[in-house]
Amino acid sequence: KLSGEVLAGEQGHGFDFDVIETICDSIAKVVDMGVSVGIVIGGGNFWRGRSSGSMDRCRADSIGMLGTVMNSIAVADTLIAKGVEAKVYSAVAMEPIAEIFTADKVRADLDKGIVTIFGGGTGNPFFSTDSAAALRAAQIKAEVIFKATNVDGVYDKDPNKFDDAVKFDELTQSELLNRGLQVMDASAASLCRDNGINILVFDTEVYSNTGGQSSKSTPIGAVAQFAASGKAVTKKNLAQIAMAYGYVYVAQIAMGANQAQTIKA
Ligand code: UDP
């Protein structure tokens, strides 16, 4: 699941095609490994129904859902340009722009190695694309949701706002719900819990753009932005690492780190 925000890059709104390119490079690598990939994309780079002020929520959410379709088309186009077969499915009827989602059609596509992109969220207001990701994951019998955000994992509070935020290495879906953590909304987390779907949260900024060099949540992380403009870097592929080792450990050395301590570590 890609949040809409990540497609906007630093500008925070609309498309940053350098970023989309980099994300699609990572997706292409995963596809090359023979992994079936379905992608749910958010719409936060255009519109979020819940932040629409006095507008009727159902209509506001309709705009949000349309935003997710726009994002899906942009990602599909970038993948296709890279020679990756990709198809956009929509939760709401809008042919010929996108075919309507059915689990059977999508499963057949996934078996053929086609990347399926799910636009339109769940097709209903009052839901988020996290819920759509959980729902689609259950429908296509996915093993895991990789949730790409702008935070590099799950914390007890927002690490961008609180210096003392503590990161969890592992949590059950029930713990996620009981602790009221804002990783994804409760409807998404409960769907994952009830259907045994694992969720791996990671920072797109780090893994797609910088090869894991630095985190956006640190001021120094801004340095890592150079990679977003297309400078060649060796990109670590989180999915690849996860599948090869079963576990992923992330080590970080901050700029200005004590050299002696670093060597010792
Ligand atoms: N949305 C909706 N139903 C859904 C999924 C999304 O109405 O099933 C609308 C809602 O207005 C939401 C917007 O689409 O605010 C964008 O989705 P989301 O906020 O999940 O995007 P993200 O934060 O992941 O970019």
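The rules we used
Residues numbered from 1 in each chain as written. Predicted model: local features only at pLDDT ≥ 70, side-chain atom pairs only at ≥ 80, totals over all residues. Heavy atoms only, no water. Pairing = 2+ DSSP bridges. Helix = DSSP H or I, 4+ residues; strand = E, 2+ residues; numbered from the N terminus. Salt bridge = Lys/Arg side-chain N within 4 Å of Asp/Glu carboxyl O. Contact = heavy atoms within 4.5 Å. Near = heavy atom within 4 Å. Polar contact = N/O pair within 3.5 Å; in protein donor to acceptor, adjacent residues only side chain to side chain. Areas by Shrake-Rupley, 256 points an atom, 1.4 Å probe, with all protein chains shown as cover. Nonpolar A, V, L, I, M, F, W, Y, C, P; charged D, E, K, R; others polar. Buried < 20%, exposed > 50% of the residue type's maximum accessible area, 1.4 Å probe, protein only.

A. Geometry of the sheet that holds strand β1 (residues 38-40). Pairing is parallel across the open sheet formed by four strands, whose spatial order is β1-β4-β2-β3. Looking at strand neighbours, the two that pair on one side only are β1 and β3 (99-100), the edges of this open sheet. Across three bridges, the pairing between β1 and strand β4 (residues 115-119) is parallel. When the bridges of β4 are listed, V40 appears paired with F118.

B. Layout of the pattern of salt bridges. For the structure shown, the criterion picks out 13 salt bridges. Between K87 and D109 there is a salt bridge, and its shortest N-O distance comes to 3.2 Å. Of the two residues, K87 is situated in strand β2 (residues 86-90) and D109 in helix α4 (residues 103-111); the sequence distance between them amounts to 22 residues. Each of K87, E99, K105, D109 and K112 takes part in salt bridges that share partners, so that together they form one network.

C. Main features of the environment of R50. With respect to the helices, strands and loops of the structure, R50 is situated in the loop between β1 and α3 (57-81). What R50 contacts, discounting residues up to four positions off in sequence, is R57 and D61.

D. Inspection of the site of the ligand at higher detail. Neighbouring the ligand are 21 residues; K1, D61, T122, N124 and T129 lie closest to it. Note that an oxygen atom of the ligand is positioned 2.6 Å from one of the side-chain N or O atoms of K1. Here an oxygen atom of the ligand sits 3.4 Å away from a polar atom, N or O, in the main chain of G64. Calculation on the ligand without its partners gives an accessible area of 520 Å², and the protein chains cover 96% of this total. Going through the elements one at a time, α1 (4-8) and α3 are the ones with two or more residues in the shell around the ligand. Here the residues of the shell around the ligand are counted per class, giving four nonpolar, twelve polar and five charged.

E. Representation of the pairing of β4. Burial runs high along β4: five of the five residues are buried. Along β4, one buried face is formed by V115, I117 and G119 and the opposite face, lined by T116 and F118, is buried too.

F. Geometry of unusual backbone geometry. Omega for the peptide link from E95 to P96 comes to 10 degrees, which places this bond in the cis form. Summarising the element assignment, P96 is placed in the loop between β2 and β3. Although it is not a glycine, F126 adopts a positive phi angle of roughly 70 degrees. For F126, the location among the structural elements is in the loop between β4 and α5 (129-139). Under the relative-accessibility criterion, F126 is labelled exposed at 53%. At K141, a residue that is not glycine, the phi angle is positive and equals roughly 60 degrees. Relative to the helices and strands, K141 is located in the loop between α5 and β5 (144-149).

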